[in-house]
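The residues making up each chain are set out below.
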Amino acid sequence: MQVLPYLCSGAELAESYVRCRASGVPPELTRPRAIVSPARLTSCLEANATLLSLIEQLITPACCAGPQRGCIYIFCDLDLVTLKIFAAPEVLTTTEGAGVKRGNVR
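In short, a report on the structure. The structure displayed is predicted, hence computed values, not measured ones. (Residues numbered from 1 in each chain as written. Predicted model: local features only at pLDDT ≥ 70, side-chain atom pairs only at ≥ 80, totals over all residues. Heavy atoms only, no water.)

### Here's the deal with the pairing of strand β3 (residues 82–87)
Put simply, the rule reads: Residue exposure (1.4 Å probe, protein chains only): buried if accessible area is under 20% of the type maximum, exposed if over 50%, otherwise partly exposed. The helix count covers DSSP runs of H or I at least four residues long, the strand count covers runs of E at least two residues long, and both are numbered beginning at the N terminus. In this analysis, strands are considered paired if DSSP registers two or more bridges between them.
Of all the 6 residues making up β3, 5 are buried; the element is thus mostly covered by neighbouring parts of the structure. Two elements, strand β2 (residues 72–76) and β3, share 5 bridges in a ladder whose sense is antiparallel. Following the sheet pairing, Phe75 is matched in β3 by Lys84.

### What about unusual backbone geometry?
Positive phi outside glycine occurs at Leu80, with the angle close to 65°. Summarising the element assignment, Leu80 is placed in the loop between β2 and β3.

### Digging into the side chain of Thr95
Rule in force here: For the purposes of these results, a polar contact is taken to be a pair of N or O atoms within 3.5 Å, where, inside protein, one atom must be able to donate a hydrogen and its partner to accept one; residues adjacent in sequence count only when each atom of the pair is a side-chain atom.
Here Thr95 lies in helix α4 (residues 89–97). Among the polar contacts listed, one links the side chain of Thr95 to the backbone oxygen of Leu92, at a separation of 2.9 Å.

### Some thoughts on helix α1 (residues 10–22)
We apply this condition: Here, expected helix span is obtained from the residue count minus one, scaled by 1.5 Å.
Here α1 spans 18 Å end to end across 13 residues, near enough to the 18 Å set by a 1.5 Å rise per residue. Following α1 by one or two positions, Gly24 adopts a phi angle in the positive range, close to 95°.

So this is what it looks like as structure tokens:
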């Protein structure tokens, strides 16, 4: 069994679980429910291109340096399709290993 490092504090993780349960994510869910087709992901990315561009300018510098280096920012559209994950390279590697990547749907 692979042991993954903690990416946040215990309190932050507990708060995240509360938010997930409130939005209807079942407790037994350990992996994303689905991954959208490449065509749908492309459509979602195109529909949100301007917003993604602005967010990249704001978040990329923060998540790759300083105290936020261990943070992860997951940008989703209104249908909760993961469009972009912002994090330092080592954090991205860990999240991808856990199955969290672009195109996931909660």
